[in-house]
Amino acid sequence: MDRPRARRPRARRPGRARLGLLAAVPALGLCAVAAWALGRDDGAPRAHAAAAGEVGSCEELSPAARRGKHIYQRGATEDGRPIEGAIVGGAAALSGREAACAGCHGPSGQGTTEGGVTAPPLAAERRLASSGERGGGAGQGRRPGEGAMSAAALVTAIREGRGPAGPWLSPVMPRYRLEEADLSDLVEYLGCVGRDLDPGVTAGSVALGAALPLTGPDAPVGAAARDVLIAAFADVNAQGGIYRRRIELRVEDSAGPSGEAGATARLLDRGVLALVGSAFDGDPALRARLSEERAPLVGPLALAGAPGLADGAPGPPGLADGAPAASAPGLADGAPGRAREAAGGGAAGADDVVFQVLPGPDVLARVAVKHLAGAPANAGSLALVVHTRDRAGEAWASGARAEAAHRDLPAPPALSFEPGRLSPRDVAGAVRAHGARAVLFWGPGADLASARAALDDAGSAAPIYASLGSIAGSAGAPSREIAGRVLFLYPGSLGERERASEDALQAFLRRAGVAPGPLGVQASAYVAAQIAIEALKRAGAHATREGLIAALEQLRDFDAGPAPPVTFARNRRTGVLGASVFRMDPASDAPVRASVWIEVVP
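So, here is what we can say about the structure in this document.

Rules used throughout
Residues numbered from 1 in each chain as written. Predicted model: local features only at pLDDT ≥ 70, side-chain atom pairs only at ≥ 80, totals over all residues. Heavy atoms only, no water. Helix = DSSP H or I, 4+ residues; strand = E, 2+ residues; numbered from the N terminus. Buried < 20%, exposed > 50% of the residue type's maximum accessible area, 1.4 Å probe, protein only. Pairing = 2+ DSSP bridges. Contact = heavy atoms within 4.5 Å. Axes fitted to C-alpha atoms, helices over the stretch in contact; angles between N-to-C directions. Core = buried A, V, L, I, M, F, W, Y, C linked by side-chain atoms within 4.5 Å. Disulfide = S-S within 2.5 Å.

## Considerations on unusual backbone geometry
- Its identity as a non-glycine residue notwithstanding, Arg244 has a phi of 65 degrees, on the positive side.
- Relative to the helices and strands, Arg244 is located in the loop between helix H9 (219–237) and strand E7 (246–253).
- One non-glycine residue, Asp557, lies in the positive phi region at around 50 degrees.
- Mapped onto the fold, Asp557 is located in the loop between helix H19 (545–553) and strand E16 (578–584).

Printed below as a string of structure tokens:
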């Protein structure tokens, strides 16, 4: 039953049906029907730029238009009911985001062409231009009695795919089950699509936000990230901005009593288009709010658990041919003792708006299992998973199980522990009891060293896999106690590319006058800024959150500087899905490659 809803008077009536426009398009969605139904008012100019008054009226959407925008962009009503439809004959069903207008017609109604299928533009002036209409006076081409299409006829077109004169519309256009009130909301929004303004956007600027620690022990980390973000955006602004908009950075202190969630909430309340290089610990409630508001977070800074370039570990020395070289660029040399990797998957649903750069523990564990299984002698062997009892450790164990299942291997046994309280004897006993051929370890370096010693005492030669980032908080660089035997997973760039990226970053920092700081944090902020800048360029002149998300999803092998090439997709929210494996030579402290780059599938 359609719910009652108060409606304000319409300033424009639906106009004449345009069957030709619809019939010419091979694949059409819900909004195409609504656009056709809107038609035009023959007493107004046919194709024209929006007048100043029209633009102003769209800056603040009416309640009905806001509800219609929700349907247009998300394929669901504000109260959570998914929009549903089906292709003629029930060949395919659409529901929720699959049925969203923006999926085919673009977040700004600009129209799209993909795979030979064209969805027409829906923005008012572009819709009229694409229909082939040209000038003409009032009433031209209209017979007496013709005029607005009735609401009932519009509902018939959407639900049954039949025009008011009887002909069927395109058979590939879904037939939608949509309440009249929802349809009215959608039509209201279509009058503004492409001309409404998302939070943080004005005619001359776009505001981005970052929640960073500006007080307390991590203040130097927050200041370093803030300064790099400001410098990166200032560099773009000096060149005229993006589509003549300056990028403004708004920063809130995440070290206050309300933490990262409170600082992020203040930024959203102030109005920002997106968050960039912002501190994020993976908190599910905060992630849910970002998803609900469709506010993307690009390149979260690793301070309290989020994976990132500043994950607390020094990068390995240069790995070119295993020879010692200059220290690594600070891809992972952030705030020792505070920064650590956390849960973060390589695959994510389209509702997740957090775009990570480097992989989390689950992906790294998958790389370890893939490397272990690649050796013929270990193809069917078990690995013992040893991990801390926290979100990051559980993600590590989950990733190991997922990759084992992907390879039809038995689920690996696991041993969890509280940081600093690992029983070395338990590790040695579990390896012996399960016949494990390797140990996948996630936890502090001190616990790793004691586990390695226990295995040595027990006469076990099982290799130990560990993330370089997870051990850094307690042990710093890989020590002699854990060298040689341990295979380290490192998701950053290596060799010549690593050194070239560091040189380029250092040159930028000097040119921008950024004070020296933790290089890993600076690298993380720089990469986040470059990804956001590229996405804003690709999103087009009408900057929206949905447009930015869509642009991020289209990044493929993007070179953001001091990181491996970054790729995102609709169901991929981690830019780098792989790592290299290396070991340290205990005699020379030089890193030695143990693998080529290992990629895992989302």
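## A few points about the environment of Pro444
- Residue placement: Pro444 occurs in the loop between strand E13 (438–442) and helix H15 (445–457).
- In this structure Pro444 comes out as buried when scored by relative accessible area, which is 16%.
- It is 4.4 Å that separates the C-alpha atoms of Pro444 and Ile471, two residues lying 27 residues apart in sequence.

## Some thoughts on the sheet that holds strand E8 (residues 274–276)
- The parallel open sheet is built from 5 strands, whose spatial order is E7-E6-E8-E9-E10. Each edge of the sheet is formed by a strand with only one pairing partner; in this case those strands are E7 and strand E10 (354–355).
- Where strand E6 (residues 205–212) and E7 come together, 8 bridges link them in parallel fashion. Paired with Gly209 across the two strands is Arg250, which belongs to E7.
- Packed on one face of the sheet, helix H10 (residues 259–270) meets E6, E7 and E8 and runs near 145 degrees to E7.

## Some words on the nonpolar core
- Counting 68 residues, the largest nonpolar core has Ile247, Leu290 and Ile531 as its most contacted members.
- If one sorts the elements of this core by residue count, helix H18 (residues 519–539) sits on top with 14 residues.
- Sequence-distant contacts of Ile247, that is, excluding residues within four places in its chain, are made with Val206, Leu208, Phe233, Val236, Asn237, Ile242, Ile533 and Leu536.
- With 27 residues, the next largest nonpolar core counts Ala436, Val439, Ala451 and Met584 among its residues.

## Quick notes on the state of the cysteines
- In the structure shown here, the tally under the stated rule is 1 disulfide.
- Disulfide pairing places Cys58 opposite Cys192 at an S-S distance of 2.1 Å. The disulfide joining Cys58 to Cys192 has a torsion of about -80 degrees about its S-S bond and is therefore left-handed. Pair noted here: Cys58 is in helix H3 (residues 52–59) and Cys192 is in the loop between helix H8 (180–190) and E6, with a separation of 134 residues, a long-range link. In terms of burial, Cys58 and Cys192 fall into one category: buried.

## A word on the pairing of strand E15 (residues 486–490)
- Among the 5 residues in E15, 5 count as buried, and that is most of the element.
- Examined bridge by bridge, strand E14 (residues 464–467) and E15 share 4 bridges and lie parallel to one another. By the bridge assignment, Ser467 is partnered in E15 with Leu489.
- The pairing of E15 with E16 spans 3 bridges and is classified as antiparallel. Within E16, the residue paired with Phe488 across the bridge is Phe582.

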